[in-house]
Amino acid sequence: MSYVAAALRQQVIERAESKCEYCLFPQSLSFLAFEMEHIIAEKHGATTAENLALDRPYCNRAKGTDLGSLDPETGQLTPFFNP
Ligand SMILES: [Zn+2]
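Nothing here was measured: the structure is a model prediction, and the numbers come from that model. (Residues numbered from 1 in each chain as written. Predicted model: local features only at pLDDT ≥ 70, side-chain atom pairs only at ≥ 80, totals over all residues. Heavy atoms only, no water.)

### Looking at the overall build of the chain
Within the chain, the secondary structure is distributed over two helices and four strands. If you list the helices and strands of the chain from N to C, you get α-β-β-α-β-β. Over its C-alpha trace the chain gives a radius of gyration of 13 Å, about what one expects of a compact globule, namely 12 Å for 83 residues. Counting only C-alpha atoms, the chain reaches 40 × 30 × 20 Å along its principal axes. Once local pairs closer than 6 in sequence are excluded, the contacts in the chain between residues at least 24 apart make up 51%. A total of about 5,700 Å² of accessible surface is found on the chain, and carbon and sulfur atoms cover 58% of it. A distance of 5 Å separates the average location of the 7 positive side-chain charges in the chain from that of its 11 negative side-chain charges. (Helix = DSSP H or I, 4+ residues; strand = E, 2+ residues; numbered from the N terminus. Rg over C-alpha atoms; globule rule 2.2 N^0.38 Å. Contact = heavy atoms within 4.5 Å. Areas by Shrake-Rupley, 256 points an atom, 1.4 Å probe, with all protein chains shown as cover. Lys, Arg positive; Asp, Glu negative; His and termini not counted. Charge placed at Lys NZ, Arg CZ, Asp CG, Glu CD.)

Encoded structure:
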């Protein structure tokens, strides 16, 4: 996990209203601390508010560094939802 400056972290948390930006689960109901996730993996993207998402660890692990996946119905490469 990379370093995110406190002010930038707070900006993302406020934008997200302290909810996971993928599933909207509230941080206040989570046993685990939410994380700052790079929407486009850090090795390809920047550490900016636009490229960071507040998310719960479960959602972060499920997405990983992927940007999309194959749609099981169409077989088409489909980008993930960008919060
Ligand atoms: Zn989530």
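### Examining the confidence of the model for the chain
The predicted model of the chain has a mean per-residue pLDDT of 91, with 99% of residues at 70 or higher. Per-element confidence in the chain is highest for helix α1 (residues 6–15), whose mean pLDDT is 97, and lowest for strand β3 (residues 68–70), whose mean pLDDT is 88. (pLDDT = per-residue confidence, 0-100.)

### Regarding the pattern of salt bridges
For side chains bearing opposite charge, pairing can occur when the charged atoms are close. Here the structure, examined in full by the defined rule, presents three salt bridges. E21 is paired through a salt bridge with R15; the nearest N and O atoms lie 2.8 Å apart. Residue class for R15 comes out partly exposed when judged on its relative accessible area of 41%. Between R61 and E35 there is a salt bridge; the shortest N-O distance is 2.9 Å. With a gap of 26 residues between them, R61 in helix α2 (residues 57–63) and E35 in strand β1 (residues 35–38) connect regions that are remote in the sequence. Residue R61 is classed as exposed on the basis of its relative accessible area of 55%. (Salt bridge = Lys/Arg side-chain N within 4 Å of Asp/Glu carboxyl O. Buried < 20%, exposed > 50% of the residue type's maximum accessible area, 1.4 Å probe, protein only.)

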